[in-house]
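Architecture and fold: a report
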Amino acid sequence: MNPTAGTQEPPLGDMEVTTSDVDRVERALIDASTRLPVLVFYASAVGWLLFATLFGFLTSIKMHSPDLLTNVDWLTWGRIRPAHLNALIYGWGSMVGMGTSIWLMARLCRTTLRHPLLLITGAAFWNLGVLMGIIGVLIGDNTGYEWLEFPGYSAITLFVAYLLIMTWALIMFRYRRRGHVYITQWYLLGAFLWFPWLYAAAQTMLFIVPVQGVMQAAVNWWFANGLLFLWFGSIGLGTAYYMIPKVIGRPVHSYYLATIGFWTFAIFSSWTGMMRLIDGPFPAWMITASIAAMILSVIPVATVGLNHHMTMQGHFPLMRYSPTLRFTVFGAITYTAFSIVGVIISLRSMAQIVHFTEVSMGWTYMGLYAFFTMVMFGSMYYIVPRLVGREWRYATLIKLHFWGSAYGIGLMVLLLLVGGFVQGLSLNDPTLPFDETTESILPYLRGRSLSWILLTVSHCIFAFHFGLMLLGFGRTASLPTFLNPLEEKSEGGH
Amino acid sequence: MKGLQSIFLGIFGIFGFSWLGMTVVPNLQIGSLNPQSDDEGTDIYPMPASGMALHGARVYAANGCLYCHTQQVRPEYGGSDLDRKWGERRSAPRDYIFEPIVMLGNMRTGPDLANVGHRPALQEKGAAAAPSPAAGASPAPASGATAGTSPVAGASPAGAVSPAPATSPAVAASPATAASPGAVAGASQAPAGNAPAPTASASPSTMVANVNALTSEGEPLPYTAAWHHRHLYNPRSINEDSNMPAYRFLYQKRRIGGVASPDAINFAGAPNDQPAAGWEIVPSYDAKCLVAYLMSRDQSHPLKEAKSAVVAAPAPAKEGQK
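Below, the structure is looked at part by part. (Residues numbered from 1 in each chain as written. Chains lettered and ligands numbered in written order. Predicted model: local features only at pLDDT ≥ 70, side-chain atom pairs only at ≥ 80, totals over all residues.)

**A word on the overall build of chain B**
Helix and strand counts for chain B stand at 10 helices and two strands. Ordering the α and β elements of chain B from the N terminus gives α-α-α-α-α-α-α-α-β-β-α-α. Counting every position in chain B, which comprises 322 residues, the buried fraction comes to 47%. Of the contacts formed within chain B by residues at least 6 apart in sequence, a portion of 73% connects residues at least 24 apart. (Helix = DSSP H or I, 4+ residues; strand = E, 2+ residues; numbered from the N terminus. Buried ≥ 20, exposed ≤ 12 C-beta atoms within 10 Å, placed from the backbone. Contact = placed C-beta atoms within 7 Å.)

Here it is in structure tokens:
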């Protein structure tokens, strides 16, 4: 049904020596052509991930120990928090997402990567933009709009960088082989085109020709949810649609369902922005429209979830071996949970309680980390060995990384959701002095710092392992690195 | 190829649909509002903020205040904002038309600030009408520890809600202020103590500017400018349980040359924060602007489109009110 899924992937070690199979040669050539740009994106992303982790940890600690490092202006809580979140969004998330998208696009278009220099220049400018943005936020140039904190000089750099990268993606798509467009490509095309439109529209309406009054907040959250769903969501879902069938070696259960899922996802999720402004100073219809869109987004979630589940049917034991599958399935399942929580917190009766609490933060982390980041980790475990020609060195490190990330983010999301609910109940009890509402969340915030320890350790392990791969210390083996020794012949690939 | 065109069109259409629906159409509806005025064209609201408050908005954004404080009051059916006395009515789009950066906020680790500039006036009203329980802390021989927390008791919305019986009628802030030495600005408060409370819900904004209003311990009254400076410098000197960061980098410690600066932070009742003798702590320009911005947060003016609970109560209601 589709050109890629179902094709048995050869173990990587064979790639350099076997020349009999035309497909194998073709894939090896494509992989070789994507090698440098994708690794540049990945290496930058991992660097930003470490930065975001450090600042996230510090943000979390300062929340319950406010007197730590308090005399330095650039280390004040209100500056490191946006630095953390923006490093996570634009540094780690966007760069790893672009790296994976480039590789997937080249593979699925069945064409070697043209103009790698364009991409590398784009990556360099993007890094520069993020760096300037982080510095800008730290020195006090925060614009005051969430998810758009980077000042103008950074935003324009990011935009130019992005145009370079997108131009490349469209060129690639233009020269693709064979007519069929796989569902992953739909998602990637969508992401690549939506991002610049969203970004340009938000920048224009907030900074170049600012809209009046509360419309700024509406544009702001329209953009932020757009980025969360149409950019990160699309890349994450598209990647999952590639990785799951690829690893287990069977096609997507229903291509028809996948198509429906894509369009309903795009239509509904792009309208959800005003769920962040429930009961705010806006005409009621705007907020109602977003709540309705959020509820309707259950349709694509169910479609995508069902499709993945049916594809996986009977192959769940493979998660015992394949790191890629384990991370990807974790992310795909969390996507369903993320959407359901999103629907629940959008309902007016619930929003009354949880709207201005840590619940919204927990939900954001669910989307950005538990879903998107985990899927991206999975894709890196699949792609990096194909780029460097080596297998991951230590199965133990992969396992530690997985459990550290899974328990870390699971704990964090749980604490923020439950703690935020408790906080919301106290906020809504007007007989309770305000101080006590903050105190009601503090134990949960201390717990969150524990979850950051887990995440920090797991990210450091991953960065170390990735560094080994970059430096050529991976294993040369004919079989990919499995998490557990194979008990019998595994029918799937890597 | 035909299928591909429809993909591109679909992707573009979806974006355009959401852009039009979520930003352009709402902008037509609420994107060009005018200030409200009465029939004579006076009593205009809202008014553009002063230059210092405009710069203060930048300082507020730069230091991430918006990640813990909202600036919006939800209507009675959306949470307890009105019960917490964060405002007398819900916020409306018109309240924000002159805001340079609209920071509605998304999180309430700290209290809502939509009306924080109006609170000193509210408290004077409250003190004049029915002495607030905060006054209970005013008997002079208060220990240092309780004195440190007393402004909070006065500030806490819960305190304002429960009309505790007054222990003595004279404990309203103003007479005490007048008695305390060096209370130059006490004059503007005196009428509030003696005369009946002003009936209008909108209090004169001159009270807001009353920087030097003091409690009987010589501490700044809650939510006055002097109080904000002390709170920003060290939130724990006002409320020891606060988890707000201190913004000490917005202040300068300097040697008193000749006359002490009138801007120097008042640390009465907080000996730990008191600089050594001969030294004083003064706000930087940024800190002054930030406080000017905070003092400009005031949505107490009635708006036609947002009914005020307080104003509506005494008036003969048009429809049955609950």
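**Quick word on the overall build of chain A**
Regarding its fold elements, chain A presents 14 helices and zero strands. For chain A, the N- to C-terminal ordering of α and β elements is α-α-α-α-α-α-α-α-α-α-α-α-α-α. The C-alpha radius of gyration of chain A comes to 22 Å, within 12% of the 23 Å expected for a compact globule of 494 residues. By its C-alpha atoms, chain A is 75 × 45 × 45 Å across when sized along the principal axes. (Rg over C-alpha atoms; globule rule 2.2 N^0.38 Å.)

**Here's the deal with the interface of chain B and chain A**
On the chain A side, the residues contacting the 63 residues of chain B number 71 residues. Going through the elements one at a time, helix H1 (2–30), helix H2 (51–62) and helix H5 (157–161) of chain B are the ones with two or more residues in the side of chain B that touches chain A. With 15 residues, H1 of chain B is the single largest residue contributor to the side of chain B that touches chain A. Each residue belonging to the side of chain B that touches chain A can be placed in one class, and the counts come to 34 nonpolar, 21 polar and eight charged. (Nonpolar A, V, L, I, M, F, W, Y, C, P; charged D, E, K, R; others polar.)

**Description of the nonpolar core**
Of all hydrophobic cores here, the largest spans 219 residues; its most connected members are Ala218, Met274 and Tyr365 of chain A. Here this core spans two domains, since at least three of its residues come from each of domain 1 (1–180) and domain 2 (315–494) of chain A. Every residue in contact with alanine 218 of chain A, bar those within four places of it in the chain, is listed here: Met274, Leu277, Phe282 and Met286 of chain A together with Met22, Thr23 and Pro26 of chain B. (Core = buried A, V, L, I, M, F, W, Y, C linked by C-beta atoms within 7 Å. Domains from an automatic or database assignment.)

**Examining unusual backbone geometry**
Omega for the peptide link from tyrosine 45 of chain B to proline 46 of chain B comes to -10°, which places this bond in the cis form. With respect to the helices, strands and loops of the structure, proline 46 of chain B is situated in the loop between H1 and H2. Positive phi, normally seen in glycine, also occurs at arginine 110 of chain A, with a value near 50°. Looking at where arginine 110 of chain A falls in the secondary structure, it is placed in the loop between helix H2 (77–109) and helix H3 (116–139). The exposure class assigned to arginine 110 of chain A is partly exposed, which follows from the 16 C-beta atoms found within 10 Å. Of note in this structure, aspartate 43 of chain B is not a glycine but carries a positive phi near 55°. On the secondary structure map, aspartate 43 of chain B appears in the loop between H1 and H2. For aspartate 43 of chain B, a count of 13 C-beta atoms within 10 Å gives the class partly exposed.

**What to know about the packing of H2 of chain A against helix H4 (residues 152–174) of chain A**
In helix packing, the relevant descriptors are the interaxial angle and the interaxial distance, both defined with respect to the helix axes. Residue and element names in this part refer to chain A. At their nearest, the axes of H2 and H4 sit 10 Å apart, and the two run at 15° to each other. On the basis of their axis angle, the class for H2 and H4 is roughly parallel. You can see that H2 and H4 cross each other, and the crossing is left-handed. Here Tyr90, Met98, Met105, Ala106 and Cys109 of H2 lie close against H4, whose contacting residues are Leu158, Ile165, Ala169, Met172 and Phe173. Along the lines of polarity and charge, the residues of the contact of H2 with H4 split into 10 nonpolar, no polar and no charged. (Axes fitted to C-alpha atoms, helices over the stretch in contact; angles between N-to-C directions. Parallel < 35°, antiparallel > 145°, perpendicular 65-115°, else oblique. Left-handed = near helix turned anticlockwise from the far one by under 90°.)

**A closer look at the environment of glycine 31 of chain B**
You can see glycine 31 of chain B is positioned in the loop between H1 and H2. Sequence separation between glycine 31 of chain B and arginine 94 of chain B is 63 residues, and the spatial gap between their C-alpha atoms is 9.6 Å. With residues near it in sequence (within four places) discarded, glycine 31 of chain B still touches Val211, Gln212 and Met215 of chain A.

**Considerations on the packing of helix H6 (residues 215–248) of chain A against helix H10 (residues 323–346) of chain A**
Residues and elements named next belong to chain A. Between H6 and H10, whose axes approach to 10 Å, the crossing angle comes to 135°. In terms of axis orientation, H6 runs oblique to H10. H6 and H10 meet at a crossing whose hand is left-handed. In contact with Gly236, Ala240, Met243, Ile244, Val247 and Ile248 of H6, H10 contributes Thr324, Leu325, Thr328, Gly331, Ala332 and Tyr335. Residue composition of the contact of H6 with H10, grouped by class: eight nonpolar, four polar and no charged.

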